[in-house]
Amino acid sequence: MSSKISKIAILTSGGDAPGMNAAIRSFVRLAEYNNIEIIGVKRGFQGLIEGCFEKLEIRSVSNILGKGGTFLRSARSIEFLDKKKRNLAYKNLLNHGINALVVIGGNGSLTGAGVFAEEFNVPVIGIPASIDNDVYGTDFSIGYNTALETIVESVDKIRDTANSHNRLFFIEVMGRKSGNLALNASLASGACFVILPEKDFQLIDLVKRLEENKKRNKESSIVIVAEGNNYGPSYKIAQDLSKVYSAYESKVTILGHIQRGGKPSSFDRILASQLGMAALEAFKLKKYNTSVGLVNNALIHSPISEVINATNNLSNDLYRLNKIISR
């Protein structure tokens, strides 16, 4: 491809996250300021294969800053795993005179971006967007803060019912194999216990905590369950607990995709705008095939190969703090 970056494609891939639109808006407006043409790709890598392109300008991204989801839409493209389909995607870029690509998404999307960059020598920049906050190379990924606020607001409302009926609520949250969302939701909502993928869970541990709380005259409880924990779904945990402990009436709430929706928080809007700027600067500095991030309040660029081969680990300090003050 041409060494001069003059026309860049941008897409959103994988699970949607509040703030994706803010990142697109930032990148498009900064690119136009720098006389670089931007082409939006509809439906992620699938749209790249099918050639679903549209030119984006300042007015194209008006009034999207506060909207959830992604106006470019997203998809999990199975076809992109096929090298022949990736070759078709590359030809579509060439046919439209596009000489660089921005991919907004999580670990799976960044992995696809890295493979594509290596195969076809296309300058690629990744922008981390995932409510799981499991992407390495950034303290926060786009959408995480909004999802966390959604969970905490939901738990606060459920607690009213729990207190009214002497109930134990198991509230299942997203996160796949990462417990960052669950741990911080537990800490922020005052849950009595949290079940995480990174920590082995035994039912007896929960029973002990509930017994302790009963002795302290606690009449209701909230347990946050990360969906990827080692024991199983929240319904199984609740059913197994009822066989050995009956002091509470157990209820289960699975928050599901409500965690992905809604207007992005101010934090996510600002973070997304910053990462959009970092992505454009990466092209200007020729820091190709990197993922941008915010670490210790500074914008950084990390090789995509490094990002996809590591994880944003759970904070043991936060875990220890939560374990002590959640009693």
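These notes cover the structure that comes with them. (Residues numbered from 1 in each chain as written. Predicted model: local features only at pLDDT ≥ 70, side-chain atom pairs only at ≥ 80, totals over all residues. Heavy atoms only, no water.)

Comments concerning the overall build of the protein chain
Within the protein chain, the regular secondary structure consists of 11 helices and 11 strands. Taken against the 2.2 N^0.38 rule, which gives 20 Å for 327 residues, the C-alpha radius of gyration of the protein chain at 22 Å falls within 12% of a compact globule. Summarising its shape, the C-alpha atoms of the protein chain cover approximately 70 × 35 × 30 Å along the three principal directions. Counting across all 327 residues of the protein chain, residues that qualify as buried make up 54%. (Helix = DSSP H or I, 4+ residues; strand = E, 2+ residues; numbered from the N terminus. Rg over C-alpha atoms; globule rule 2.2 N^0.38 Å. Buried < 20%, exposed > 50% of the residue type's maximum accessible area, 1.4 Å probe, protein only.)

Overview of the sheet that holds strand 9 (residues 249–254)
In spatial order, the strands read 7-8-6-9; together these 4 strands make up an open sheet with parallel pairing. Of all strands in the sheet, those bounded by a partner on one side alone are strand 7 (193–195) and strand 9. Sheet twist, expressed as the mean angle between neighbouring strand axes with direction ignored, is 20°. Bridge count for strand 7 against strand 8 (residues 221–226) is 3 bridges, and the pairing is parallel. Note on strand 8: the bridge partner recorded for Ile195 is Val225. Running over the sheet, helix 8 (residues 234–244) touches strand 6 (167–173), strand 7, strand 8 and strand 9 and is turned about 175° from strand 9. (Pairing = 2+ DSSP bridges. Axes fitted to C-alpha atoms, helices over the stretch in contact; angles between N-to-C directions. Contact = heavy atoms within 4.5 Å.)

Some words on unusual backbone geometry
Glycine aside, residues mostly have negative phi angles, and peptide bonds mostly take the trans form. Unusually for a residue other than glycine, Lys286 sits at a positive phi of about 60°. As for its placement among the helices and strands, Lys286 is situated in the loop between helix 9 (266–284) and strand 10 (290–295). Classification of Lys286 by relative accessible area gives exposed; the value is 58%. Here the phi dihedral of Asn289 falls at roughly 55°; this positive angle occurs in a residue that is not glycine. As for its position among the elements, Asn289 is in the loop between helix 9 and strand 10. Given the relative accessible area of 32%, Asn289 is considered partly exposed.

Focus on the nonpolar core
Core analysis: the biggest nonpolar cluster contains 59 residues, and Ile8, Ile10, Phe27, Ile38, Ile104, Ile222 and Ile224 have the highest contact counts within it. Ignoring any residue separated from it by four or fewer positions in sequence, one finds Ile38 in contact with Ile8, Ile10, Phe27, Val28, Ala31, Glu54, Lys55 and Leu56. The next biggest cluster of nonpolar side chains, apart from the first, holds 22 residues, and it includes Phe45, Ile98, Ala113 and Val124. (Core = buried A, V, L, I, M, F, W, Y, C linked by side-chain atoms within 4.5 Å.)

Overview of the packing of helix 3 (residues 83–95) against helix 4 (residues 107–120)
The interhelical angle for the contact between helix 3 and helix 4, taken along N-to-C directions, is 70°, at an axis separation of 11 Å. Taken together, the axes of helix 3 and helix 4 are roughly perpendicular relative to one another. Residues Lys83, Arg86, Asn87, Ala89, Tyr90 and Leu93 of helix 3 pack against Val115, Phe116, Glu119 and Phe120 of helix 4. (Parallel < 35°, antiparallel > 145°, perpendicular 65-115°, else oblique.)

Quick look at the packing of aromatic side chains
In this structure the tally under the stated criterion is 11 aromatic pairs. Ring centres of Phe80 and Phe116 lie 5.8 Å apart, and the angle between their planes is 40°; this geometry places the pair in the tilted category. Here Phe80, found in the loop between strand 3 (53–56) and helix 3, pairs with Phe116, found in helix 4; they are 36 residues apart in sequence, far enough to count as distant. When sorted by exposure, Phe80 lands in the same class as Phe116, which is buried. Ring centres 6.4 Å apart and planes at 20° place the aromatic pair Phe140 and Tyr144 in the stacked group. An aromatic cluster is present here, built from Phe45, Phe80, Tyr90, Phe116 and Phe120 joined pairwise through their rings. Above the plane of the ring of Tyr319 lies Lys199, whose end atom (NZ or CZ) is 4.7 Å from the centre. A cation sits over an aromatic face here: Lys214 above Tyr248, 4.9 Å from the ring centre. (Phe/Tyr/Trp six-rings, centres within 6.5 Å; stacked < 30°, edge-to-face > 60°. Lys NZ or Arg CZ within 6 Å of the ring centre and 35° of its normal.)

Concerning the side chain of Glu172
As for its placement among the helices and strands, Glu172 is situated in strand 6. Nearest to the buried, unbridged Glu172 among oppositely charged side chains is Lys177, at 12 Å. Side chain to side chain, Glu172 and Ser234 meet in a polar contact 2.7 Å long. Residues contacting Glu172, with those up to four places away along its chain left out, are Val225, Glu227, Pro233, Ser234, Thr253, Ile254, Leu255 and Gln259. (Lys, Arg positive; Asp, Glu negative; His and termini not counted. Salt bridge = Lys/Arg side-chain N within 4 Å of Asp/Glu carboxyl O. Polar contact = N/O pair within 3.5 Å; in protein donor to acceptor, adjacent residues only side chain to side chain.)

Comments concerning a nonpolar patch on the surface
The grouping of Leu321, Ile324 and Ile325 at the surface amounts to a nonpolar patch, some 270 Å² of accessible area in total. Counting through the fold element by element, Ile325 comes out in helix 11 (residues 316–325). (Patch = residues over 30% accessible without salt bridge, like charges linked within 9 Å, V, L, I, M, F, W, Y side chains within 5 Å. Areas by Shrake-Rupley, 256 points an atom, 1.4 Å probe, with all protein chains shown as cover.)

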